Amino acid sequence: MSQLLRAGIVGGTGMVGQRFVQLLDGHPWFKVTAIAASAGSAGKTYEQAVLGRWKLDTPIPEAVKSIVVQDASIVEEFAADVDFIFCAVDMKKDEIKALEEAYAKTGTPVVSNNSAHRWTPDVPMVIPEINPEHLDVIAAQRERLGTATGFIAVKPNCSIQSYVPLLHALREFEPKTVVASTYQAISGAGKNFADWPEMLDNVIPYIGGEEEKSEQEPLRIWGSVKGGAIAPASEPQITTQCIRVPVTDGHLATLFVSFERKPSREDILSRWASFSGRPQELGLPSAPKQFITYFEEDNRPQTKLDRDLEGGMGISAGRLREDSLYDFKFVGLSHNTLRGAAGGAVLIAELLKAEGYIKAKTSAQ
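Parameters at a glance
- Residues numbered from 1 in each chain as written.
- Predicted model: local features only at pLDDT ≥ 70, side-chain atom pairs only at ≥ 80, totals over all residues.
- Heavy atoms only, no water.
- Pairing = 2+ DSSP bridges.
- Helix = DSSP H or I, 4+ residues; strand = E, 2+ residues; numbered from the N terminus.
- Contact = heavy atoms within 4.5 Å.
- Axes fitted to C-alpha atoms, helices over the stretch in contact; angles between N-to-C directions.
- Expected span 1.5 Å × (residues − 1).
- Buried < 20%, exposed > 50% of the residue type's maximum accessible area, 1.4 Å probe, protein only.
- Parallel < 35°, antiparallel > 145°, perpendicular 65-115°, else oblique.
- Left-handed = near helix turned anticlockwise from the far one by under 90°.
- Nonpolar A, V, L, I, M, F, W, Y, C, P; charged D, E, K, R; others polar.
- Core = buried A, V, L, I, M, F, W, Y, C linked by side-chain atoms within 4.5 Å.
- Salt bridge = Lys/Arg side-chain N within 4 Å of Asp/Glu carboxyl O.

Colleague: Help me understand the sheet that holds strand β1 (residues 5-10) in this model?
Modeller: Paired through backbone hydrogen bonds, the strands of a sheet run either parallel or antiparallel to each other. Pairing within the open sheet is parallel, and its six strands lie in the order β3-β2-β1-β4-β5-β6. The two strands at the open ends of the sheet, each matched to only one other strand, are β3 (70-71) and β6 (151-154). Bridge count between β1 and strand β2 (residues 30-37): six bridges; the pairing is parallel. Residue pairing across strands places Arg 6 opposite Lys 31, the latter belonging to β2. Across the sheet, helix α1 (residues 15-24) touches β1, β2 and β4 (84-87), and the angle it forms with β1 is around 160°.

Okay, structure coming up:
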């Protein structure tokens, strides 16, 4: 690109916001030019605002240290200095909805890491390799919001990234019943062990709202655009349990699946190995070259060993075998703050840019 698009981060001081800052440092298409957060952080440099709160292993990028954090609620002022924004705020759901729509109405595209708009009928919820055609609904959303250039696109829940791609690659065999259990890292709650010492040597068998999301969001991803809205699919039937485990990053899932047309083990491995999507076709900067990697070893994938596969953007699988009650069972793994959160949102933004939805603002806009 001859000119980097100006990216703003709303909610830039939290854990996901910090991931955005990290991932966009040196990005070939995007440059962070503005950061917003709560009024309590406004007026401080980014370095000051995250002092004692920086949660990542890598240092704060030099390029953002001196950016003065703005008040996220002063929408027009913040939007004027960016071409699009990433949003990862910690607010009530109705407040997030209102804030993101306010940004979109300024003519600014919003790529959201939040759950507030995941079920808004004309807001696409996208895993770029799986349902890029859902971007078609943006035209109807723009009409509703009264903007020619603004819109909201959202990333789905982090836990489903560990198994939805594996199921999607097998859609030709019509999965009909899915039992999934997810074993989710503490960073999914925006915490590390210093914040949450109670998680050391502990497992918590409940994550509020997570099972409902894990059962319902895949059906929206597999839905279709009809009449300016996303109509969810009706199958497969999915039931889940979501468990918090004492690891820093990485969500692991165990799956039991029955199919309308039972594939062979070789069929499944072949589909996983060959599956790719629009990001790979376009050669997007954050796209994994190998989307799904299967491990033949009985003890893989492992969260610590395999979560960083393909820069944290790949999905790994293992332990594929026939089951006595269902057709097959297997294990999946994804990095929850990379593929599942900030990295997935960056990939969505790259797709939106490549497909012409995100452009540099002009004075006329």
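Colleague: Help me understand helix α8 (residues 210-221) in this model?
Modeller: An α-helical turn contains 3.6 residues, so any two residues separated by three or four positions project in the same direction. With twelve residues, α8 ought to run about 16 Å at 1.5 Å a step, and its terminal C-alpha atoms sit 16 Å apart, in line with that. The set of residues buried in α8 consists of Glu 210, Ser 214, Glu 217, Pro 218, Leu 219, Arg 220 and Ile 221. Of the surrounding secondary structure, the elements contacted by the buried residues of α8 are α7 (164-168), β7 (175-184), β9 (229-231) and β10 (237-244).

Colleague: I would appreciate a short explanation of the sheet that holds β10 in the present structure.
Modeller: Read from one edge to the other, the open sheet built from six strands follows the order β10-β7-β11-β14-β13-β12, with strand pairing classed as mixed. Of all the strands in the sheet, the pair left with one neighbour each is β10 and β12 (292-295). Taking the axes of each pair of neighbouring strands and ignoring which way they run, one obtains an average angle of 20° across the sheet. As paired strands, β7 and strand β11 (residues 251-259) are joined by eight bridges and run antiparallel to one another. Its bridge partner being in β11, Thr 182 is matched across the sheet by Ala 253. In the packing of helix α9 (residues 265-274) onto the sheet, contacts are made with β12, β13 (315-322) and β14 (328-334), and the angle to β13 comes to roughly 175°.

Colleague: Quick question: what am I supposed to make of the packing of α1 against helix α12 (residues 338-354) here?
Modeller: Each pair of packed helices can be described by the angle between their axes along with the distance between the axes. Two elements in contact, α1 and α12, have axes separated by 9 Å at closest approach and are oriented at 55°. For the element pair α1 / α12, the angle class is oblique. Our pair here, α1 against α12, has a crossing hand that is right-handed. Contacts from Val 16, Arg 19, Phe 20, Leu 23 and Leu 24 in α1 reach Leu 338, Ala 341, Ala 342, Gly 343, Ala 345 and Val 346 in α12. When its residues are assigned to classes, the contact of α1 with α12 shows nine nonpolar, one polar and one charged.

Colleague: Any chance you could explain the side chain of Asn 157 here in plain terms?
Modeller: By the element assignment, Asn 157 lies in the loop between β6 and α7. Asn 157 sits in the buried class, given a relative accessible area of 4%. If we ignore the near neighbours within four places in the chain, the residues touching Asn 157 are Arg 118, Glu 210, Lys 213, Ser 214 and Glu 217.

Colleague: Can you walk me through the environment of Pro 124 in this structure?
Modeller: Summarising the element assignment, Pro 124 is placed in the loop between β5 (109-112) and α6 (138-145). A residue is classified by how much of its surface remains accessible, and Pro 124, at 0% relative accessible area, is buried. For the pair Pro 124 and Ile 221, spaced 97 residues apart in sequence, the C-alpha separation works out to 8.7 Å. For Pro 124, the residues in contact, after removing those within four places along its chain, are His 134, Leu 135, Val 137, Ile 138, Gln 141, Ile 152, Ala 153, Val 154 and Arg 220.

Colleague: Would you mind showing me how to read the nonpolar core here?
Modeller: One recurring pattern in soluble globular proteins is that nonpolar side chains are buried together. In this structure, Val 10, Tyr 103 and Trp 272 are the most contacted members of the largest nonpolar core, which totals 54 residues. Those residues in contact with Val 10 that sit more than four places away from it in its chain are Ala 36, Ala 72, Phe 78, Ile 85, Phe 86, Cys 87, Ala 88, Val 89, Leu 99 and Tyr 103. Listed in part, the 41 residues of the second largest apolar core include Phe 30, Phe 151, Val 346 and Leu 352.

Colleague: Where do I start with the pattern of salt bridges in this structure?
Modeller: Close approach of charged atoms allows side chains of opposite charge to pair. Applying the stated rule across the entire model yields 17 salt bridges. Across the salt bridge formed by Arg 261 and Glu 174, the nearest N and O atoms sit 3.8 Å from each other. With Arg 261 in the loop between β11 and α9 and Glu 174 in the loop between α7 and β7, this pair connects stretches of sequence that are 87 residues apart. Residues Lys 262 and Glu 322 are paired through a salt bridge, measuring 2.6 Å at the closest nitrogen-oxygen approach. Placement of Lys 262 in the loop between β11 and α9 and of Glu 322 in strand β13 is noted, with a sequence separation of 60 residues between them.

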